[in-house]
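Survey of secondary and tertiary structure
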Amino acid sequence: MTQPTSGSAHFDRWLRNYGTAWEQRDSAATVRLFSADASYHWTPFDPPYVGHAAIAAALRAATDGQRDVRFEYEILRADQERGIAAWSACFNRVGTRVAVRVEGALSAEWDGDGKCRCFREWWHLLENVPSA
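The text that follows walks through the structure, step by step, so that each part is easy to find. (Residues numbered from 1 in each chain as written. Predicted model: local features only at pLDDT ≥ 70, side-chain atom pairs only at ≥ 80, totals over all residues. Heavy atoms only, no water.)

It is characteristic of soluble globular proteins that their nonpolar side chains tend to be buried jointly. Among the nonpolar cores identified, the biggest contains 29 residues, and Phe-11, Trp-14, Tyr-18, Phe-34, Tyr-40 and Phe-119 are the most heavily contacted of them. When residues of this core are traced back to their parent elements, those giving at least two are helix H1 (7–23), strand E1 (34–41), helix H3 (52–63), strand E3 (66–78), strand E4 (82–93), strand E5 (99–110) and strand E6 (116–127). (Core = buried A, V, L, I, M, F, W, Y, C linked by side-chain atoms within 4.5 Å. Buried < 20%, exposed > 50% of the residue type's maximum accessible area, 1.4 Å probe, protein only. Helix = DSSP H or I, 4+ residues; strand = E, 2+ residues; numbered from the N terminus.)

This is how it looks when you write it as structure tokens:
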């Protein structure tokens with residue numbers, strides 16, 4: 001087991017990889033960031049997606065309808081056990097080309113190998129935003 005030497009550096013690398021995978025709509029790259037038994041809490045009200053197959057299927061379903069994704073983040077707190085960040089994403093809906101902006105916060109908890117074992121998001125979505 002390899003524990004990250006710096007919580008902040010590890011979280012920054014993890015978020016960059018997460019964002020790149022989202023921008024490229026690559027659910028396989030995303031699930032490699034998670035432990036095999038990870039839980040992904042899309043919202044606080046819905047049951048989590050658990051395990052690579054469920055997480056990948058949920059991400060594919062979401063990103064299949066997105067194009068031109070741009071992801072940004074700001075780390076608010078990070079240590080060896082957890083990272084918390086504010087994030088935003090912009091994309092266009094497939095077919096309608098409706099511009100969407102999403103802003104939220106996330107929490108990621110690490111296992112002993114530096115993989116995310118519990119991921120929680122809180123976000124809000126705005127559609128028909130003016131193009132930048």
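Glancing now at the packing of aromatic side chains. All told, the structure shown has 17 aromatic pairs when counted by the stated rule. A ring pair is formed by Tyr-40 and Trp-42, whose centres lie 5.6 Å apart and whose planes are at 40°; its orientation type is tilted. Neither Tyr-40 nor Trp-42 differs from the other in exposure class; each is buried. (Phe/Tyr/Trp six-rings, centres within 6.5 Å; stacked < 30°, edge-to-face > 60°.)

As a further point, take the state of the cysteines. Counted according to the given criterion, the structure contains 0 disulfides. This cysteine, Cys-118, is not joined by any disulfide, and Cys-116 carries the nearest cysteine sulfur, 6.9 Å off. (Disulfide = S-S within 2.5 Å.)

One pass over the full model with this rule turns up 7 salt bridges. For Arg-82, the salt bridge goes to Glu-109, with nearest N and O atoms at 2.7 Å. Of this pair, Arg-82 sits in strand E4 while Glu-109 is found in strand E5, placing the two residues 27 residues apart along the sequence. Glu-109 sits in the buried class, given a relative accessible area of 13%. Residues Glu-103 and Arg-101 are paired through a salt bridge, measuring 2.8 Å at the closest nitrogen-oxygen approach. Since its relative accessible area comes to 43%, Glu-103 is described here as partly exposed. (Salt bridge = Lys/Arg side-chain N within 4 Å of Asp/Glu carboxyl O.)

What follows is about unusual backbone geometry. The residue Asp-68 is not glycine, and still its phi comes out positive at about 60°. Residue position: Asp-68 is located in strand E3. A relative accessible area of 46% places Asp-68 in the partly exposed class. The residue Arg-97 is not glycine, and still its phi comes out positive at about 60°. Tracing the chain through its elements places Arg-97 in the loop between E4 and E5.

Turning our eyes to something else, we now look at the side chain of Ser-35. Among the structural elements, Ser-35 can be located in strand E1. A relative accessible area of 6% means that Ser-35 is categorised as buried. With residues up to four places along the chain from it excluded, the contact list for Ser-35 reads His-52, Asp-111, Lys-115, Cys-116 and Arg-117. (Contact = heavy atoms within 4.5 Å.)

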